[in-house]
Amino acid sequence: MSDALLVTGGCGFIGSALVRHLLDATDHRIVTVDVLTYAGDPRNLGPARSHPRHTLVEADIADTEAMHAVFEAHQPAGVLHLAAESHVDRSIDGPAPFVTTNVQGTVSLLEAALAHYESLDTEAQARFRFVHISTDEVFGQLGDAGRFQPDSPYAPRSPYAASKAASDHFVRAWHHTYGLPTLITNGSNTYGPRQYPEKLIPVVLRNALNGDPIPVYGDGSNVRDWIYVDDHARALHRAYTHGTPGETYLVGGGRELRNIELVHMLCGLLDAERPRSSDGSYADLITFVDDRAGHDYRYALDASATRDALDWQPTTNFHTGLQETVQWYLDHPERLEPEPHPA
Ligand code: NAD
């Protein structure tokens, strides 16, 4: 029987892309651990949901006993840890779940992973990897110049970023203190189909299609470095197969855009695909709203070291990826509604 890989958060946006990729590209058994919060939807798995090499375990990563049981039952050869509370605005309104899941949950998972790792024979230990999926937001914000490097200092500014930064530190501590072969990826803003409709792109699409004002924080000048979800997922797999324990890998698409430019692009794509019944562009709906508290000005990653070390590069043309994303939401209008969906 093939080795199992454990993917936490596999019913979320990036996790589900990773599960689908791993089932396609490897012969691993994939064990998805997901507690199915509002952001988790088994439909994201698509055909992977009933794939013979896939198992979905509904469990909370902060439940240490449950995590021990998962490792015991499935004996994974490695872990890719994506489960998290992931939305900055929610972290500002209520930080507690971010501490429980992102910090305590990561520590519970590390404890269970270490106990499992210590039970493995030398050969399996040499192969074992714990890949922790984090964000560029741990590095704080940039001005107009420069890009984050793997050794950039941590300077998180939102509760979300602080919780991810804390989890990164615990992951490194488990490597240095206990010898667990962990590595960290810090990814940039990710776009694509199946993102929960609270994030910028689906919010713009929903409001535009409903004829509602399209909210843009501040003056829309904030800059993000965008990467397509499948490119991000492939990088995570490469980090598992080619990464060195103790290392940090920056996963960025190198496509920097001001938020307002992105919103205009989305409006242009909608104008072409689904013209408004009234004359005019969806861009007429753009409305500038009070800036988010502590809104980071700019993120940009220097992913060159990651490209070399992991022999990886993003392959999705930004315009094509954005077009596919818009088309997917047009084909699945129900996925623009933010209510929790039944499994
Ligand atoms: P998401 O919110 O779409 O998915 C998170 C998943 O984790 C959901 O399926 C949810 O049910 C699950 N989950 C939440 N709490 C859990 C818990 N306590 N136990 C088990 N499962 C739980 O998030 P995403 O956008 O796919 O992000 C995945 C990871 O990538 C996160 O760690 C995030 O910090 C990181 N990341 C995201 C981006 C981005 O732009 N989306 C960029 C860089 C890094």
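Residue numbers run consecutively from 1 along every chain, following the written order of its sequence. In keeping with the predicted nature of the model, local features appear solely for residues at pLDDT of at least 70, side-chain atom pairs appear and are counted solely at 80 or more, and the whole-chain, interface and lining totals rest on all residues. Water and hydrogen atoms were dropped before computing side-chain values, which therefore reflect all heavy atoms in the structure.

1. A look at the overall build of the protein chain
Next, step 1: Summing up its helical and strand segments, the protein chain has 11 helices and 12 strands in all.
Next, step 2: Taken over C-alpha atoms, the radius of gyration comes to 20 Å for the protein chain, in line with the 20 Å a tight globule of 343 residues would show.
Next, step 3: When its C-alpha atoms are laid out on the principal axes, the protein chain stretches across 70 × 45 × 40 Å.
Next, step 4: Exposure classes here rest on a 1.4 Å probe applied to the protein chains alone. A residue is buried below 20% of its type maximum, exposed above 50%, and partly exposed in between. The buried share among the 343 residues of the protein chain stands at 55%.
Next, step 5: Here, two residues are considered to be in contact whenever any of their heavy atoms come within 4.5 Å of each other. For the protein chain, long-range pairs separated by at least 24 residues make up 81% of all intrachain contacts whose partners lie at least 6 apart in sequence.
Next, step 6: In the form shown here, the protein chain has an accessible surface area of approximately 14000 Å², with 49% of it arising from carbon and sulfur atoms.
Next, step 7: Under the convention used here, Asp and Glu are negative, Lys and Arg are positive, and both His and the chain ends fall outside the count. By convention, charge coordinates are those of NZ in Lys, CZ in Arg, CG in Asp, or CD in Glu. The protein chain carries 26 positive and 46 negative side-chain charges, and their two centres are separated by 3 Å. Here a helix means four or more residues in a row that DSSP labels H or I, a strand means two or more in a row labelled E, and each is numbered from the N terminus. We compute the radius of gyration over the C-alpha atoms and compare it with the globule rule, which gives 2.2 Å times the number of residues raised to the power 0.38. For the accessible areas, the method is Shrake-Rupley and the probe is 1.4 Å, while residue cover comes only from the protein chains on display.

2. Brief notes about the sheet that holds strand β7 (residues 189-191)
Next, step 1: With respect to topology, three strands assemble into an open sheet ordered β7-β9-β11, the strand pairing being mixed. Both outer strands of the open sheet, β7 and β11 (255-258), are each paired with one neighbouring strand and no more. Sheet twist, expressed as the average angle between the axes of neighbouring strands with direction ignored, equals 45°.
Next, step 2: Orientation is described by lines fitted to C-alpha atoms, with helices fitted over the stretch in contact, and by angles between N-to-C directions that extend from 0 to 180 degrees. Against the sheet, helix α8 (residues 229-242) contacts β7 and β9 (223-228), and its axis sits at roughly 75° relative to β9. Criterion used throughout: strands pair if DSSP finds at least two bridges between them.

3. As for the sheet that holds strand β1 (residues 4-8)
Next, step 1: Taken in spatial order, the seven strands make up an open sheet running β3-β2-β1-β4-β5-β6-β10, and their pairing is parallel. In this open sheet, the two strands that pair with only one neighbour each are β3 (54-57) and β10 (248-251). Sheet twist, expressed as the average angle between the axes of neighbouring strands with direction ignored, equals 20°.
Next, step 2: The strands touched by helix α2 (residues 64-74) are β1, β2 (29-33), β3 and β4 (76-81); relative to β2, the strand with the most contacts, the crossing angle is about 170°.

4. Observations regarding the site of the ligand
Next, step 1: Inspection of the region around the ligand gives 28 residues, with Ile14, Asp34, Ser86, Tyr160 and Lys164 positioned closest.
Next, step 2: Alone, the ligand offers 840 Å² of accessible surface; in the complex the protein occludes 96% of this.
Next, step 3: Going through the elements one at a time, α1 (13-25), β5 (129-135), α6 (159-178) and β7 are the ones with two or more residues in the shell around the ligand.
Next, step 4: With three residues, β5 is the largest single contributor of residues to the shell around the ligand.
Next, step 5: In this classification, Asp, Glu, Lys and Arg are treated as charged, Ala, Val, Leu, Ile, Met, Phe, Trp, Tyr, Cys and Pro as nonpolar, and every other residue, Gly included, as polar. Here the shell around the ligand is composed, by residue class, of 13 nonpolar, 12 polar and three charged. Here, proximity means that at least one heavy atom of the residue falls within 4 Å of the molecule or strand.

5. Digging into helix α7 (residues 200-210)
Next, step 1: Here α7 lies mainly inside the structure; eight of its 11 residues are buried.
Next, step 2: Taken as a whole, α7 has its buried residues at Ile201, Pro202, Val203, Val204, Leu205, Arg206, Asn207 and Ala208.
Next, step 3: The secondary structure elements touched by the buried residues of α7 are β7, β8 (214-217), β9, α9 (259-273) and α11 (318-331).
Next, step 4: Phi turns positive one or two residues past the end of α7, at Gly211, with a value near 75°.

6. What to know about the environment of Met265
Next, step 1: Looking at where Met265 falls in the secondary structure, it is placed in helix α9.
Next, step 2: Residue Met265 is classed as partly exposed on the basis of its relative accessible area of 26%.
Next, step 3: Taking the C-alpha atoms as reference points, Met265 and Val289, separated by 24 residues in sequence, lie 19 Å from one another.
Next, step 4: With near-sequence residues (within four places) excluded, Met265 lies in contact with Arg255, Leu257, Phe318 and Leu322.

7. Considering unusual backbone geometry
Next, step 1: Even without being glycine, Gln75 reaches a positive phi, approximately 45°.
Next, step 2: Within the secondary structure, Gln75 sits in the loop between α2 and β4.
Next, step 3: For Arg194, which is not glycine, the phi dihedral falls at a positive 75°.
Next, step 4: With respect to the helices, strands and loops of the structure, Arg194 is situated in the loop between β7 and α7.

None of this, on its own, says anything about what the molecule does.
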